[in-house]
Structure formats: structure tokens, C-alpha cells
Amino acid sequence: MTYLFDMFGYGFAAAASAAETVADYKGDQDGGAAFPPFDPTYFPSQIFWLLVTFFVLYFMLSRIFLPRIGSMIEERSNRIADDLDMASRLQLQAEQAQSSYEQELADARAKAHNIGATTRASVEAEIAKDVEAADVEADRQQAGADARIATIRNQALKNIDKVAADVAAEIVEKIGGFTPNTATVKTAVG
Amino acid sequence: MIAAGLDPIAQFELHKIQELKLGPIDISFTNSSLMMVFTVALIGLWLLLSTRKAALVPGRAQSIAEMSYEFIADMIRSTAGKDGLRFFPFVFSLFIFILFANLLGMIPFFFTTTSHIIVTFTFAMMVIGLVVVYGVWKNGFGFLKLFWPAGVPAVLKILLVTPLEIISFLSRPISLSVRLWANMFAGHILLKLFAGFMIMMVSAFGVFKGGLAALIPFSLTLALTPLEFLVAFVQAYVFALLTCVYLSDALHPGHH
């Protein structure tokens, strides 16, 4: 700003020197022709042509050029704003895609884990069931076997009685020389 | 005594190119009018060429046009506020006309329209006229608050502030027009004088001695020329800036 004031100062100094020049000029010309910048002869002409040309300029600028430049600048700033919008929108979309991808990945992982667990559980259940069935079968067969063994043993025991009676009868026959009554032998062995 | 052809005032003389009369008023087309027409034509050509393509990624010419646009728009926004932008075409036209007229005047043998007080005064009166007409139209009597600032004791206002404000308001067109005119006028006189000294020295002391002596005015001319280009820009800028400040008064007369 001080620079501007320097300019003003320069202007005033120039005005002073101009005033001296005016005096010189008047002296030179013996007060004849007026000092050109102050010569009123051409004042109307200068005002008239200044107004005409300035109006033409004003009309030209306000109707054609300034709106054109203004719209160029506005268009550019709109375009930049649009591009920035677009970029942020795309970035948002990319982020969404990324997060949905991760979500899906996690889902898939969870699902796979789930399937594994389910499969394992069902397999284990099946195995357990089979084992149980096998156990039952084994028990059943064991029971059958036990029964059979008991029967055989009973039979054997029964046979033992008969064999003992036979043996006793035979011993009696050999030693005693008589054939004992079967019922008596049985009672004696019994 | 200044030699013929070296008269530093001669460059400001007007001569008729085409005699014209509007009733009793002489509105002849002069060399000054020719430069005004040329200035406007050049601005039109510049903007036509630089905005022709309207590219999304601007070229150099388009960038300059857009920068000028933003420069003036920012200036109005910062001094007169957003509602000052209604005067944007006016301020832009004013700035660009004065800038082109000043710069074109720097070309040798080209007439400088802004070196005539009547031209700068007409500009100043356009500005002040706009301020007064718009200020009264928009604010009515409220426009007078310009001379009755808030937050100052009434006694002080009547005795000191209001008279000063009135004087300052009335001197605005004068300071506005004299500042621009004097800068352009003095700059061109200085350039012409120093350039003239070179020729005078050579003709007075011969080619060798005179040539050596002419180095002094030559270096001064060399130094003054860029300064004058700077002045040409700064004065157009100052004119537009003050226009914004004054228009701000018309928009918001209560507070300044």
C-alpha cells in the first residue's frame, strides 16, 4: 500500500512539474495556443468519443465477453467439482466392494467351517450308531452263546449223572455180581 | 529554447482527422478519438481471440483473459463485497480501457488518450455519477448516512466529521482524474525530454563526445521506460480499485 501512496506522491510531483511546463509553454507561445491537455476546444469531441467508445466497450464486454469468460470459469469449476464427486463416489464404491468381498469371504469361511463341523458331527453320530448297533449285536450273540453254553453244560451235567449211574451199576455188577436196579443206582449216585 | 520536433508537449496536441458537428458542438474525430476506437477494437480482438476456443484446459491467451476476469472480480469482492459484483462489467470495462489506453500510449508516436485531463475527468464523473445515482436509488435518503457515520459523538460529527466527509466526497472526482492524468502526462514528458536530450547532445557536441554524454539521458530513458509501463498498470489498477471503494459507499453507505 505504501507503494501506491508513493505512486500518488509521484503523481502530485508530476502535477507540479506539469504546472511549470504549462507556464513554460504559455511563455513560448506568447499565450497564443492553449496548452493541449487543457485546451477546451476539443473537450466536447473528447467527451463524445470517450462516451461512444466506452459504451461500445461496455456493451461488448457485458453482453458477450464477460459472460463467456465467466461461464468458462464456472464450467471448469463445475467440472472439477463433478470429477471430485465422481472420484469420491468411485472410491466409496471400491470400499464397499472391498468390504462386501471381505464379508463374503468371511461368510464362505464360516460356511465351510460349518459344513465341516456338521459333516464331522453326522459322521461321528453314524459311527456311534454303528458302534452301538455292533455292541447290541455282540451282546445279543454273547447272550445266545451263553445260553448255548449253559444248555450244553446242563446237558453235560445230566449226562454225568447218567454216566455215573451207568458206571456205578457196572461196578456193582462186576464186583457184586448182580445187576442193580436202575432206580436204586440213580438214587445212590444222585 | 527547445529545438523544433523535440517539444515534449507536441505529443499531446490534438488534430482533426474528420471534421464533425453535432448542432453547434464540435465533435470532430481526432487522433485521440482514433486511439479510443483503436483501444476498444484491440480489446475486442484480444477477447475474441482468447475466448474463441473456450477450452476446458485453457491455453495461454485464455488463461490471461480468465486471470484478468478473476483479478477484477476478486478486487470487487474484497472492497465492495459480493453485491458489488453487479458493477463488475463497469469496473472491468473501466480497468481494461484505461490499462490498454495507458499501455498503447507507451508505443512511440501513439497518442495517449489518458494524458488529457478531460478524458480522465469524464471517467471520474462516470464513477461518481454512478455512485450518486445508484446510492440514492438504492438507499434513498439513507445515502446521506455516508456523511453521518455511526459510532461518532453527534457534536464531533457536526463540527468535524461531516464537513470532512463532504469535502472528501466532493474532491473524489478531482483526485481520481488528476492522479491518472498527471501520471500519464508527466511520464510521457519525462520520456520525451530525456530521449530529446540524447539528440540535442549529439547535435551540440558531435557524434563522439555527444554520444558519450548522451549515455546519461539514455540510461535514464532506459530506466524510465519499464517504470512507465509499471505506472501504466498501477494507475489503471488504482483507478479501478478506488472505483470499487466508492461503489462500496453506494452499496453500504452506513459503514465505511
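Residues numbered from 1 in each chain as written. Chains lettered and ligands numbered in written order. Predicted model: local features only at pLDDT ≥ 70, side-chain atom pairs only at ≥ 80, totals over all residues. Heavy atoms only, no water.

1. Description of the overall build of chain A
Consideration 1: A tally of regular secondary structure across chain A gives three helices and zero strands.
Consideration 2: Walking chain A from its N terminus toward its C terminus, one meets helices and strands in the order α-α-α.
Consideration 3: Every one of the 190 residues in chain A was classed for burial, and the buried ones make up 18%.
Consideration 4: With the model as given, the accessible surface of chain A reaches about 13,700 Å², and the carbon-plus-sulfur share is 60%. (Helix = DSSP H or I, 4+ residues; strand = E, 2+ residues; numbered from the N terminus. Buried < 20%, exposed > 50% of the residue type's maximum accessible area, 1.4 Å probe, protein only. Areas by Shrake-Rupley, 256 points an atom, 1.4 Å probe, with all protein chains shown as cover.)

2. Let's talk about the confidence of the model for chain A
Residues and elements named next belong to chain A.
Consideration 1: Overall, the predicted model of chain A reaches an average pLDDT of 82, with 82% of residues at or above 70.
Consideration 2: The secondary-structure element of chain A with the lowest mean pLDDT is helix α1 (residues 2-28), recorded at 45, while helix α2 (residues 43-176) shows the highest, at 92.
Consideration 3: Counting interchain partners and residues more than four positions distant, the pLDDT-below-50 stretch residues 1-19 has 22 contacts.
Consideration 4: When the criterion is pLDDT under 50, residues 22-32 qualifies, and its contacts beyond four places in sequence or with other chains add up to nine contacts. (pLDDT = per-residue confidence, 0-100. Contact = heavy atoms within 4.5 Å.)

3. With respect to the pattern of salt bridges
Consideration 1: With the rule as written, the count across this model stands at eight salt bridges over all chains.
Consideration 2: For E66 of chain B, the salt bridge is made with R76 of chain A, and the minimal N-O distance between the two is 2.7 Å. One end of the pair, E66 of chain B, is in helix α2 (residues 60-80); the other, R76 of chain A, is in helix α2, on a second chain. For the pair E66 of chain B and R76 of chain A, a shared accessibility class is recorded, and that class is buried. (Salt bridge = Lys/Arg side-chain N within 4 Å of Asp/Glu carboxyl O.)

4. Considerations on the layout of surface pockets
Residues and elements named next belong to chain B.
Consideration 1: Approximately 660 Å³ is the volume found for the largest pocket.
Consideration 2: Lining the largest pocket are 22 residues, and of these Q11, I107, P108, F109 and K192 lie nearest its centre.
Consideration 3: Mapped by element, the contributors of at least two residues to the lining of the largest pocket are α5 (154-213) and α6 (215-251).
Consideration 4: Among the elements that line the lining of the largest pocket, the one with the most residues is α5, at six residues.
Consideration 5: Of the residues contributing to the lining of the largest pocket, the split by class is 11 nonpolar, nine polar and two charged. (1 Å grid on protein atoms, 1.4 Å probe; cavity = no way out; pocket = protein on both sides within 12 Å on 5 of 7 lines; lining within 4 Å. Points joined across faces, edges and corners; volume = space filled by probe spheres on them. Nonpolar A, V, L, I, M, F, W, Y, C, P; charged D, E, K, R; others polar.)

5. Overview of the interface of chain A and chain B
Consideration 1: Taken together, the contacts link 43 residues of chain A with 65 residues of chain B.
Consideration 2: Summed over both partners, the interface of chain A with chain B comes to about 5,000 Å²; 79% of that surface belongs to carbon and sulfur atoms.
Consideration 3: In this assembly, chain A and chain B are joined by one salt bridge.
Consideration 4: At the junction of chain A and chain B, the tally comes to seven residue pairs in polar contact (both at pLDDT 80 or more). (Buried area = accessible area lost by both parts, 1.4 Å probe. Polar contact = N/O pair within 3.5 Å; in protein donor to acceptor, adjacent residues only side chain to side chain.)

6. Concerning the packing of α2 of chain B against α6 of chain B
Residue and element names in this part refer to chain B.
Consideration 1: Relative orientation of the contacting elements α2 and α6 amounts to 40°, with a least axis distance of 9 Å. Classed by the angle they form, the pair α2 and α6 counts as oblique. Note on packing geometry: the crossing formed by α2 with α6 is right-handed. Together, F71, M75, I76, T79 and A80 of α2 and F233, Y237, A240, L241, C244, V245, S248 and L251 of α6 make up the contact between the two elements.
Consideration 2: For the contact of α2 with α6, the residue count by class is 11 nonpolar, two polar and no charged. (Axes fitted to C-alpha atoms, helices over the stretch in contact; angles between N-to-C directions. Parallel < 35°, antiparallel > 145°, perpendicular 65-115°, else oblique. Left-handed = near helix turned anticlockwise from the far one by under 90°.)

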